[in-house]
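# Examining the three-dimensional arrangement
Okay, here's what each chain looks like letter by letter:
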Amino acid sequence: MNNSEQLRVDTVNKFLKLDFNKSEFQDIVELAAKLCEKPVALITLLDEKSNWLKVRFGTDIEVMPRQTSFCQFGIQQDELLIIPDATKDKRFKNNPLVQGDPHLKFYAGVPLSVGQGINIGTLCLFDQKANKLTDVQQKTLSILARQVTFNIEMQMNSIQLQRQIEETEAKNNSLTKIAQLQSHQIRQPLTTIMGLISLVKNNYTAVNEEWLTMLERATNDFDKTIVEIVAETMCGKDLRAIRFNKMVEEIDDYAILLLDHEGNIENWNKGAEKIKGYKSSEVVGRNFSIFYTDEDKKNGKPRRLITRAAKLGVAHDEGWRLRMDGTKFWGSIIITAIHDETRKVIGFTKVTRDLTEIKAAQDKLKASVEMHDLITEQMGKLARIGGWEFDLMKDSLSWTDITRQIHGVDENYIPQLDSAINFYKEGISRLQISNAMKQAVEEGMPWDLKLQMITFQGKEIHVHAIGRSNYKDGVCTKVYGTFQEITDNS
């Protein structure tokens, strides 16, 4: 085993000790399976001989030999590995998992990379039939893998932080005893030096070679004592603590905050400044509730979260949060209680990850599936159906080619919401579609309307417009629907 592989295996052995029975890990593998439409999803860790299936969806197997694992190839690269059909891949066609039960064919795995690029395992998918992933699904799987890495690194950092706190408390308890001893150690050579100086000052002795030798010896003893005290005080664990704190300060992918027992911010890293938009001087001393929406603050969510963390040790949450400029981002939050030696809560660590990318990927996939289902539903009775989606988070409208054709615009036309509504004939039709859109956004109410509109060429036509919305968590994220030209007698 070469040095790099030994380092990788040693790192895996550390992470194997973590608690993978947490709900966030199970949520991720279930989400990966459902969004990517595959029957099996796993979080795996590979040591020297085994492939440990730490979190499972679609199988109960807990460990497999490494030599037959697909993931041994997944960890050899830095990006997503896709095997559409293992029976046609020379690396797997003779694999017993392919030739025998469970007759695997499809595999997709994203390496879980920690520290300085050490791949300890994968977030992976399996299927018993040849298959593939769409571009959106590939991106979703990669984003979810980064979330797995974030969770396991934060759990490891939390353990290290708790250990550091315990070491610091133990050190502080012994400082008084050390100080008493050190005071005596310093006082003895210092008294000798001061006594010699006093003898010379009061003309009790002349400065001769013997006196200088005694003074030099006393000075050297004093210097040695100081060096020993500094070495004892600034021991290895203190240096490790300094390096750990510096590492936390420099992390810029995650917002890491230190809160007091009331939730007021005491410390703030670069990631917090990057994600939330505040400089440290603008936020330290303020309550962490400033990042929550008015609705969350009215409902008391910030207070509930730290109360839960104080009671259970940790609190998890996911939802919309506010930056300094008022814009929203979708955050995943872990709040962990910090205890003193009597187990009294003295503060909290709060880690926030910006998951807006994941949220957008989920919504995009879900809306696309829903729009496809809606079009399919209408295909039995209507022909030439177009589709459309309006993304409220991005303020962007998209049309299918048929929708463009019905409006009489070319394939390069970029629709905007205001201009799209203006295609509807002024009066009752435009009023109906405007009200329908408003109710869909504000109340999640669908519509099914027959309306008049004017094409780009000025032709008056009748259309059948159906609309629905993604409306959850108190926020409408998208409105989508179908669009069909009909005759006057329909």
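These notes cover the structure that comes with them.

Cut-offs used in this document
- Residues numbered from 1 in each chain as written.
- Predicted model: local features only at pLDDT ≥ 70, side-chain atom pairs only at ≥ 80, totals over all residues.
- Heavy atoms only, no water.
- Buried < 20%, exposed > 50% of the residue type's maximum accessible area, 1.4 Å probe, protein only.
- Helix = DSSP H or I, 4+ residues; strand = E, 2+ residues; numbered from the N terminus.
- Pairing = 2+ DSSP bridges.
- Axes fitted to C-alpha atoms, helices over the stretch in contact; angles between N-to-C directions.
- Core = buried A, V, L, I, M, F, W, Y, C linked by side-chain atoms within 4.5 Å.
- Contact = heavy atoms within 4.5 Å.
- Expected span 1.5 Å × (residues − 1).
- Arc of directions from axis to C-beta.
- Phe/Tyr/Trp six-rings, centres within 6.5 Å; stacked < 30°, edge-to-face > 60°.
- Lys NZ or Arg CZ within 6 Å of the ring centre and 35° of its normal.

### Description of the pairing of strand E6 (residues 118–127)
- Of all 10 residues in E6, 10 are buried; the element is thus mostly enclosed.
- Note: strand E1 (residues 40–46) against E6, six bridges, orientation antiparallel. By the bridge assignment for E6, threonine 44 is matched with threonine 122.
- Sheet analysis places strand E5 (residues 106–114) next to E6, joined by nine bridges and oriented antiparallel.

### Re the sheet that holds strand E9 (residues 314–322)
- Taken together, five strands build an open sheet; the order of strands is E8-E7-E11-E10-E9 and the sheet is antiparallel. Every other strand in the sheet has two partners, leaving strand E8 (265–268) and E9 as the edge strands with one partner each. For this sheet the average axis-to-axis angle between neighbouring strands, irrespective of direction, equals 25°.
- Direction of pairing for strand E10 (residues 328–339) relative to strand E11 (residues 345–354): antiparallel, over a ladder of nine bridges. Considered in E11, the bridge of isoleucine 333 is made with threonine 352.

### Describing the pairing of strand E16 (residues 475–486)
- Counting buried residues along E16, 11 of its 12 residues qualify, which places the element largely inside the surrounding structure.
- Two strands pair when backbone bridges link them, and strand E12 (residues 386–391) and E16 are joined in this way by six bridges, in the antiparallel orientation. Counted as the bridge partner of phenylalanine 390 is valine 479 from E16.

### A closer look at the nonpolar core
- Membership of the largest hydrophobic core comes to 32 residues, with the highest contact counts inside it found for Ile43, Ile120, Leu123 and Leu141.
- Breaking this core down by element, the ones donating at least two residues are helix H1 (3–15), helix H2 (23–35), E1, E5, E6 and helix H5 (135–201).
- Counting residues per element, this core draws most heavily on H5, which supplies six residues.
- Non-local contacts of isoleucine 120, meaning those with residues more than four positions away in its chain, are made with Arg8, Thr11, Val12, Phe15, Thr44, Leu45, Leu46, Leu112, Val114 and Ile152.
- Core analysis: the next-biggest nonpolar cluster, separate from the first, contains 24 residues, Trp388, Leu397, Leu449 and Leu451 among them.

### Section: helix H11 (residues 301–312)
- Counted at 1.5 Å a residue, the expected span for H11 with its 12 residues is 16 Å, and the 16 Å between its end C-alpha atoms agrees.
- Taken as a whole, H11 has its buried residues at Lys301, Pro302, Leu305, Ile306 and Ala309. Considered in projection along H11, the buried side chains sweep an arc of 135° and stay on one side of the axis.
- Buried residues belonging to H11 abut helix H10 (294–298), E9, E10 and E11.
- Looking one or two residues past H11, glycine 313 carries a phi angle of roughly 100°, positive in sign.

### Re the packing of aromatic side chains
- In the structure shown here, the tally under the stated rule is 12 aromatic pairs.
- Here phenylalanine 20 and phenylalanine 25 contribute two aromatic rings whose centre-to-centre distance is 5.2 Å and whose plane-to-plane angle is 40°, an arrangement assigned as tilted.
- Linked through ring pairs, Phe70, Phe73, Phe92, Tyr107 and Phe126 together constitute an aromatic cluster.
- Directly above the aromatic system of phenylalanine 106 lies the positively charged group of lysine 38, at a separation of 5.2 Å from the ring centroid.
- Just above the ring of phenylalanine 73 sits the side chain of arginine 91; from NZ or CZ to the centre is 5.4 Å.

### Topic: the environment of phenylalanine 291
- Within the secondary structure, phenylalanine 291 is located in the loop between helix H9 (280–283) and H10.
- Among all residues touching phenylalanine 291, those that are not within four sequence positions of it are Leu257, Ile265, Trp268, Lys276, Tyr278, Val283, Arg321, Leu322 and Lys350.

### Topic: the sheet that holds strand E3 (residues 63–65)
- Spatially, six strands are ordered E3-E2-E1-E6-E5-E4 in an open sheet, and the strand pairing comes out antiparallel. Two strands lie at the open edges of the sheet, namely E3 and strand E4 (81–83), each paired on one side alone. On average, each strand axis in the sheet is tilted by 25° relative to the strand beside it, whichever way the strands run.
- Bridge count between E1 and strand E2 (residues 50–57): six bridges; the pairing is antiparallel.

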